[in-house]
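Each chain, written out:
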Amino acid sequence: MRIAMIGTGYVGLVSGACFSEFGVHVTCVDKDAGKIERLKRGEIPIYEPGLDDLVARNVAAGRLSFTMDLKEAMQGVDAVFIAVGTPSRRGDGHADLSYVFGAAEEIAQHLDHYTVVVTKSTVPVGTGREVEAIIRRVRPDAEFDVASNPEFLREGSAIGDFMRPDRVVIGATSDRAGDVMRRLYRPLYLIETPIVVTSLETAELTKYAANTFLAAKITFINEIADLCEKVGANVHDVARGIGLDGRIGKKFLHPGPGYGGSCFPKDTLALVRTAQQVGSPLRIIETVVDINDKRKKQMAERIIAACGGSVDGKTVAVLGVAFKPNTDDMRDSPSLDIVPALQAAGAHVRAFDPAAMHEAEKLLPGVEWAKDAYGTLEGADCVAILTEWNEFRALDLRRVKSMLKRPVMIDLRNIYNPEDMAKAGFTYSSIGRPAPAGGMDRG
Ligand code: UDX
């Protein structure tokens, strides 16, 4: 089989590379000449474990290629995927669909045989129909169907998520389109992956419903964590105690500084707007958005409290600025709220992130960047863990303590154990866990 993938961003590049690994001939298309040149040289513009090898292997096998020429890419394809960005529109939170519609217009110009036009970008309900209408308007004679195939992959484990998904969701407008889509995912039949085939609108909404549900689940456990602190309970035990109930499930019950990333903040907002627009407001998700926004800001207050109520003139060591580990993605990262708030309170911030510093330099002015985790610590008044990178999990605590001016650690990801930290002589504060002495551990 043969496909074209428009957009070499996160979803497009990972999906394109993974489809080629399935044996499909994939041509990835992008308008960004620099990006295509770099990809042709084997340089991967994003940080995703395993992606460089996957791309190199499939390019070498002749199944994966990169071009700026959509016409050439669409020759003889079974399907063309739209995997361009759908950022939040400034001002109103709606998804900006100009790139999706632009891609639809261009596809229309090059359709010369039956092709399934698949939207992989996360798009509001009704977008697939609009894509269909645009193509029909430009090319009333064209032979095509539209389909929706939302992507559920997570940054940092994107390849595994694509190759071994919990399910594949396909919204198709005809049996013929559904058949092409099923054939593309045939290798997943071997591992008995459920394929959910639905209408276009249902598939589009399923993606938003999944992401907003997960955002709500995280927000729920974050609020329970705050309550745990007030009543002396341990949020991890609560999470385990509820998560073992199959109706609730264990995953996505890890408390933290609030969700960030390229999907949850944008998708929660977009679904809230859609729901308001059609007169069926999603009040739960409206509240989730509000709580999460406030939470990210409150995290700086926690750090300030742990430093004795003021960081004015103090140095705060920050470990991790990416929104989660194994990515260099800074989009809507809690650090973007926390670090400026610390600076506004008079702190000097010295930070390290294993992958995101290049990105972060532009977004977090005034930060002193260190070469490694220990490089942030010398003479600092406290250390705050903002991202749970593995390399922060086993720091030499004696060394950390000897370098800090005061042995204060604020662990917003709960990667250390309060008892161990107390034994090591730290004033340790984390999220939703009682201090070992039985008191509160908010510092
Ligand atoms: C998410 C969805 O998981 C994925 O299915 C969708 O396709 C895109 O959005 P991603 O943004 O890559 O993926 O990361 P994810 O691992 O889901 O984490 C999102 C945010 O939630 C991060 O800020 C993370 O720190 C936070 N999170 C996640 C928690 O705070 N607690 C948890 O238990 C899980």
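Residues numbered from 1 in each chain as written. Predicted model: local features only at pLDDT ≥ 70, side-chain atom pairs only at ≥ 80, totals over all residues.

**Description of the UniProt feature "active site" (unreviewed entry) in the protein chain**
Thinking step 1. Summarizing the sequence annotation, UniProt attributes the feature "active site" (unreviewed entry) to Cys263 in the numbering used throughout.
Thinking step 2. Along the chain, Cys263 turns up in the loop between helix H10 (235-243) and helix H11 (264-277).
Thinking step 3. On the neighbour-count criterion, Cys263 (24 C-beta atoms within 10 Å) is buried.
Thinking step 4. Each residue touching Cys263, except ones within four places of it in the same chain, is listed here: Thr122 and Asn211. (UniProt positions renumbered as here; feature names shortened; annotations may be inferred. Helix = DSSP H or I, 4+ residues; strand = E, 2+ residues; numbered from the N terminus. Buried ≥ 20, exposed ≤ 12 C-beta atoms within 10 Å, placed from the backbone. Contact = placed C-beta atoms within 7 Å.)

**Quick word on helix H13 (residues 335-344)**
Thinking step 1. For H13, the set of buried residues is Ser335, Asp337, Ile338, Val339 and Leu342.
Thinking step 2. Where the residues of H13 are buried, they touch helix H12 (283-306), strand E9 (315-319) and strand E10 (348-352).
Thinking step 3. A positive phi of about 100° marks Gly346, the residue just after H13.

**Some remarks on the sheet that holds strand E6 (residues 144-148)**
Thinking step 1. An order of E3-E2-E1-E4-E5-E6-E7-E8 is seen for the eight strands of this open sheet, with the pairing classed as mixed. Either end of the sheet is taken by a strand with one partner, and the two such strands are strand E3 (64-67) and strand E8 (195-198). In this sheet, neighbouring strand axes are inclined to one another by 25° on average, regardless of whether the strands run parallel or antiparallel.
Thinking step 2. Most of the contacts of helix H9 (residues 200-231) go to strand E7 (residues 168-172), to which it runs at about 145°, and overall it touches E6, E7 and E8. (Pairing = 2+ DSSP bridges. Axes fitted to C-alpha atoms, helices over the stretch in contact; angles between N-to-C directions.)

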